[in-house]
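The chain contents come next:
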Amino acid sequence: MLDKRFKTLALLSETLSYTKTAQQLFVTQPAVSQQISSLENELNLTLVTKHNNKIKLTHSGIELADYAKKISLESARLIDSLQNEKNSNQLKMGCTLSLSTTLLPDFIKKLSGKFRITTTEINNTKHVLAKIRDGKIDFGLIEGNFNKKEFDSIQIKREPFICVANPELDFEKPISIDKLFDQNILVREPGSGSRDILENWLAIQNFQINDFQNISEISSPTTIIQLLKQNLGISFMYKSLVENELDHGLLNQVLIKEFHIEHPINLVFLKDSYFVEMYREAASDFE
């Protein structure tokens, strides 16, 4: 188990206050300072600095605090699974909004024979990653980018990422992206995986999302699809989200020059997790 000094450092990284840390640990403020100093001396590292009565963790302090949080979360989960056999096959998962209506139902159905899903957190990529980091969920199905130093992943599948519009909008085929800048673009909120994919591609082309004259931020993919069918703009999303609309001519794929994106869908979890084999088994059920 972790030395209590590491747990104190982990809490201090969140409160950034010796007083608040002491209050949450039910100890005195000098006791917290002494624990941090003891840890710094033992490791020969500066973990915390102070400037104008405000404390800040050094790079080493942040790395060590993050490691301590991860070990604490994994230890608690392992002990729970050992003490309660019924919890050994229990999983708490997250999923991005873009995948919740297409991939998620099938994924849960295939897992149902081996695992018990007790929590399903549906939100954007940034939110799902934060929930994994905080131990609120065990893993997430995401299509967005993530820090590979902090998280490990198993690829589930690859998805075509396309531009979509109402059939009434008749564009040349293929069209240059800059010729679409006068269109109203329906995009997800910052932090969503699909928005990250679009913005990264635009940056490679030396453009940015603000080059579009009209931008409408909408958090719900379902709402975006309904607005597209009402001819209220264009959007970029996974093809599987609009497969039915494309098949029935309710929406069209807009072909864009040099726009050919197939993005991986990943099962993401904490790096070097003790439960990696369980995640591999879960992912294999979807292959």
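In this text the structure is predicted, and so the values were computed from the model without any measurement.

Draft legend 1. Broad picture of the overall build of the chain. When its secondary structure is counted, the chain shows 11 helices and 11 strands. Along the three orthogonal principal directions, the C-alpha set of the chain runs to about 70 × 50 × 25 Å. A burial count over the chain gives 46% of its 287 residues as buried. In the chain, the share of contacts with a sequence separation of at least 24, taken over all contacts with a separation of at least 6, comes to 74%. Here the chain displays about 15,300 Å² of accessible surface, and carbon together with sulfur accounts for 47% of that area. For the chain, the centre of its 33 positive side-chain charges and the centre of its 37 negative side-chain charges are spaced 6 Å apart.

Draft legend 2. Region of interest: the packing of helix α2 (residues 18-25) against helix α3 (residues 29-43). The contact between α2 and α3 brings their axes to 8 Å, and the two run at 105 degrees. Here α2 is positioned roughly perpendicular relative to α3, judged by the angle of their axes. For the pair α2 and α3, the contacting residues are Y18, T19, T21 and A22 in the first and Q29, V32, S33 and I36 in the second. Class assignment of the residues belonging to the contact of α2 with α3 gives a composition of 4 nonpolar, 4 polar and no charged.

Draft legend 3. Molecular detail of the nonpolar core. Residues F212, F236, I256 and L267 are the most contacted members of the largest nonpolar core, which totals 45 residues. Ignoring any residue separated from it by four or fewer positions in sequence, one finds F212 in contact with I177, L180, F181, Q183, I185, L202, I234 and F236. The next biggest cluster of nonpolar side chains, apart from the first, holds 16 residues, and it includes V48, L64, A65 and A68.

Draft legend 4. Looking closely at the pattern of salt bridges. Tallied over the entire structure, the rule returns 13 salt bridges. Between K110 and D106 there is a salt bridge; the shortest N-O distance is 3.8 Å. Remark: D106 and K110 occur in helix α6 (residues 103-111); sequence separation between them is 4 residues, near one turn of the helix. Between E262 and R158 there is a salt bridge, with the nearest N and O atoms lying 3.5 Å from each other. With E262 in strand β11 (residues 261-270) and R158 in strand β6 (residues 151-165), the pair connects residues that are 104 residues apart, well separated along the chain. Overall, R158 belongs to the partly exposed group, its relative accessible area being 41%. Through salt bridges with shared partners, one network takes in R195, E199 and E217.

About the cut-offs
- Residues numbered from 1 in each chain as written.
- Predicted model: local features only at pLDDT ≥ 70, side-chain atom pairs only at ≥ 80, totals over all residues.
- Heavy atoms only, no water.
- Helix = DSSP H or I, 4+ residues; strand = E, 2+ residues; numbered from the N terminus.
- Buried < 20%, exposed > 50% of the residue type's maximum accessible area, 1.4 Å probe, protein only.
- Contact = heavy atoms within 4.5 Å.
- Areas by Shrake-Rupley, 256 points an atom, 1.4 Å probe, with all protein chains shown as cover.
- Lys, Arg positive; Asp, Glu negative; His and termini not counted.
- Charge placed at Lys NZ, Arg CZ, Asp CG, Glu CD.
- Axes fitted to C-alpha atoms, helices over the stretch in contact; angles between N-to-C directions.
- Parallel < 35°, antiparallel > 145°, perpendicular 65-115°, else oblique.
- Nonpolar A, V, L, I, M, F, W, Y, C, P; charged D, E, K, R; others polar.
- Core = buried A, V, L, I, M, F, W, Y, C linked by side-chain atoms within 4.5 Å.
- Salt bridge = Lys/Arg side-chain N within 4 Å of Asp/Glu carboxyl O.

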